[in-house]
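Fold and geometry: a report
These are the residues of each chain, in order.
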Amino acid sequence: MQLTMTIDGKKYRVDVEVEEGEEVRLAESFPTTTVQAVTPPSGAMPMAAPAPVTGAPPGGTAVSDKICRSPIAGVVFKVVVQVGQHLEVNDLLVVLEAMKMETNITAHMSGTVDKILVSVGEAVQPGQPIAEFA
């Protein structure tokens, strides 16, 4: 089947193979949408671009940057660090077991461990805080 697509005013012809048993919808069945650009009234004041958000307060590190989070779902197999321990980037924090495999979770920053937020045997979800740095 051959389709014609228009992108940014340019027309493209595309050959598409249809697998047996697949549903095919032709262009007539697609809704037609149009977008109209709005021109601001004359004399309107232009808006300034918003300032970029850095996530860190001036002269420091944001609290969310000090939290190490689990990248995967799993069960805490081993907690390797203690509160008050100083770590460097990539030092081992926790070992998670997921799908019968052990995954090392390492420090994303240098600093002192302020809180350990998980314990052995606890199930964790992706994005769940594991440890917090001071």
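Data block above holds the structure.
Given the structure is predicted, the values throughout are model-derived calculations rather than measurements.

The rules we used
Residues numbered from 1 in each chain as written. Predicted model: local features only at pLDDT ≥ 70, side-chain atom pairs only at ≥ 80, totals over all residues. Heavy atoms only, no water. Pairing = 2+ DSSP bridges. Helix = DSSP H or I, 4+ residues; strand = E, 2+ residues; numbered from the N terminus. Contact = heavy atoms within 4.5 Å. Buried < 20%, exposed > 50% of the residue type's maximum accessible area, 1.4 Å probe, protein only. Lys, Arg positive; Asp, Glu negative; His and termini not counted. Salt bridge = Lys/Arg side-chain N within 4 Å of Asp/Glu carboxyl O.

**Thoughts on the sheet that holds strand β6 (residues 92–98)**
Overall, antiparallel pairing links the four strands, which are arranged β7-β6-β4-β9 in an open sheet. Each edge of the sheet is formed by a strand with only one pairing partner; in this case those strands are β7 (101–106) and β9 (123–124).

**Some thoughts on the environment of N104**
Its place among the elements puts N104 in strand β7. Sequence separation between N104 and L92 is 12 residues; the distance between their C-alpha atoms is 6.6 Å. Contact partners of N104, with chain neighbours within four places excluded, come to L92, V94 and V95.

**Points about the sheet that holds strand β5 (residues 86–87)**
Taking strand neighbours across the sheet as the criterion, the four strands line up as β3-β10-β8-β5 in an open arrangement whose pairing is antiparallel. Whereas interior strands pair on both sides, the edge strands pair on one side only; in this sheet they are β3 (67–69) and β5. Across three bridges, the pairing between β3 and strand β10 (residues 129–133) is antiparallel. Within β10, the position partnered with I67 by the bridge is E132.

**Things to note about the side chain of E132**
Mapped onto the secondary structure, E132 falls in strand β10. No salt bridge forms around the buried E132; measuring N to O, its nearest opposite-charge neighbour K115 is 4.2 Å away.

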